[in-house]
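Notes for the structure review
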Amino acid sequence: MRRRPLGPLTRALRDLGVDLRHEEAEGHHPLTVHASGVEGGEVVLDAGQSSQYLTALLLLGPLTRTGLRIRVTDLVSAPYVEITLAMMRAFGVDVVRDGTVYDVPPGGYRATTYPIEPDASTASYFFAAAAVTPGREITVPGLGAGALQGDLGFVEVLRRMGAEVTVAEDRTTVRGTGELRGLTVNMRDISDTMPTLAAIAPFASGPVRIEDVGNTRVKECDRLEACAENLRRLGIGVSTGPDWIEIRPGTPAPGVGIKSFGDHRIVMSFAVAALRTPGLTYDDPGCVRKTFPGFHEAFAALPAAG
């Protein structure tokens, strides 16, 4: 987590008068905040590296004394902001948005009962497992047409590649057809699922090019290069650029050690590739505990192909 940049957010907080100090590298964890409340006001934010910066300020807004106006100069993973705004409405806060300007009123939140959807980013590994295995069908209940999470859009990528996809009101099902086609896809808004697609790309019949994912270079690791390095270790042809990766079809070599880079998404993504590549191992399989401690057990229990 210390590798992930915080600078745009902490600069915005300082502009609002928050007393904070980065203890080691400027713009990174760890940091110390001396709290005395936040008056509010207007702030300019660059959320081009992470939508989480905007989410953090939006959530802060109702707790300021006078409210918050946020002017956003750049934004990535916009669907996550839509989740934030919908949740805030459920808790009694209506944010007024005018283009790239967000006005958040003061007054706090109202308690309510709020149902939590299954995690669409984590579901991507199971949907991909179905797509790469002819006849295997995976259904995730509670994640359907009304879902707030943009990462459910990953199933539309699988549909374009040839998987059979059914999105009902309260569930989503993916079934492998035995066909995976190559494609070019912009994943700016669903970039957490980029490693999932990269890991199954070798099994497509043509090249898979993933574009506009430069922000994945500043996650728990440089995910774009981590995917490229592991695919090359598997003997797969890969090209990369500042914000894109292109993967050529091939048969991954068995018995390869996957480098996790301490990143849960790298391990979970290449677990899908392991369904068709015998003997893959990981240098840090336990890093999945960040989001899914029981991942390996759940993945091992996947139903067989029909």
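Reference entry: report on the structure contained in this document.

Criteria and cut-off values
- Residues numbered from 1 in each chain as written.
- Predicted model: local features only at pLDDT ≥ 70, side-chain atom pairs only at ≥ 80, totals over all residues.
- Heavy atoms only, no water.
- Core = buried A, V, L, I, M, F, W, Y, C linked by side-chain atoms within 4.5 Å.
- Buried < 20%, exposed > 50% of the residue type's maximum accessible area, 1.4 Å probe, protein only.
- Helix = DSSP H or I, 4+ residues; strand = E, 2+ residues; numbered from the N terminus.
- Contact = heavy atoms within 4.5 Å.
- 1 Å grid on protein atoms, 1.4 Å probe; cavity = no way out; pocket = protein on both sides within 12 Å on 5 of 7 lines; lining within 4 Å.
- Points joined across faces, edges and corners; volume = space filled by probe spheres on them.
- Nonpolar A, V, L, I, M, F, W, Y, C, P; charged D, E, K, R; others polar.
- Pairing = 2+ DSSP bridges.
- Axes fitted to C-alpha atoms, helices over the stretch in contact; angles between N-to-C directions.

A general tendency of soluble globular proteins is for nonpolar side chains to be buried together. One finds Val174, Met187, Leu197, Ile210, Phe270 and Phe299 to be the most contacted residues of the largest nonpolar core, which totals 64 residues. Per element, the largest residue contribution to this core is nine residues, and it comes from helix α4 (residues 120-131). Setting aside its immediate chain neighbours within four residues, Val174 contacts Phe127, Ala130, Ala131, Arg136, Glu137, Ile138, Val155, Leu158, Ala163, Glu164 and Val165. One finds Ala12, Ala47, Leu54 and Leu57 within the second-largest nonpolar core, a separate group that totals 25 residues.

Approximately 760 Å³ is the volume attributed to the largest pocket. Elements supplying a minimum of two residues to the lining of the largest pocket: α2 (52-60), α3 (78-90), α4 and α8 (264-273). Sorting elements by how many residues they give to the lining of the largest pocket places α3 first, with five residues. Its boundaries defined by the atoms lining it, the second largest pocket holds a volume of some 230 Å³. In this structure, the second largest pocket is lined by 16 residues; those nearest its centre are Leu13, Val18, Leu20, Val33 and Val38. Of all the secondary structure elements, the ones that give two or more residues to the lining of the second largest pocket are α1 (7-15), β1 (19-22) and β2 (31-34). Counted by class, the lining of the second largest pocket contains ten nonpolar, five polar and one charged residues.

Strand order in this open sheet of four strands is β10-β11-β13-β12, and the pairing throughout is mixed. The sheet terminates laterally at β10 (183-186) and β12 (238-240), the two strands that pair on one side only. Direction aside, neighbouring strands of the sheet carry axes that sit 10 degrees apart on average. Of the pairings in the sheet, the one linking strand β11 (residues 208-211) to strand β13 (residues 245-247) comprises three bridges and is antiparallel in character. When the bridges of β13 are listed, Ile210 appears paired with Ile245. Across the sheet, helix α5 (residues 154-161) lies against β10 and β11, angled at about 165 degrees from β10, the strand it touches most. The sheet strands contacting helix α7 (residues 223-233) are β12 and β13, and the helix crosses β12 at an angle near 160 degrees.

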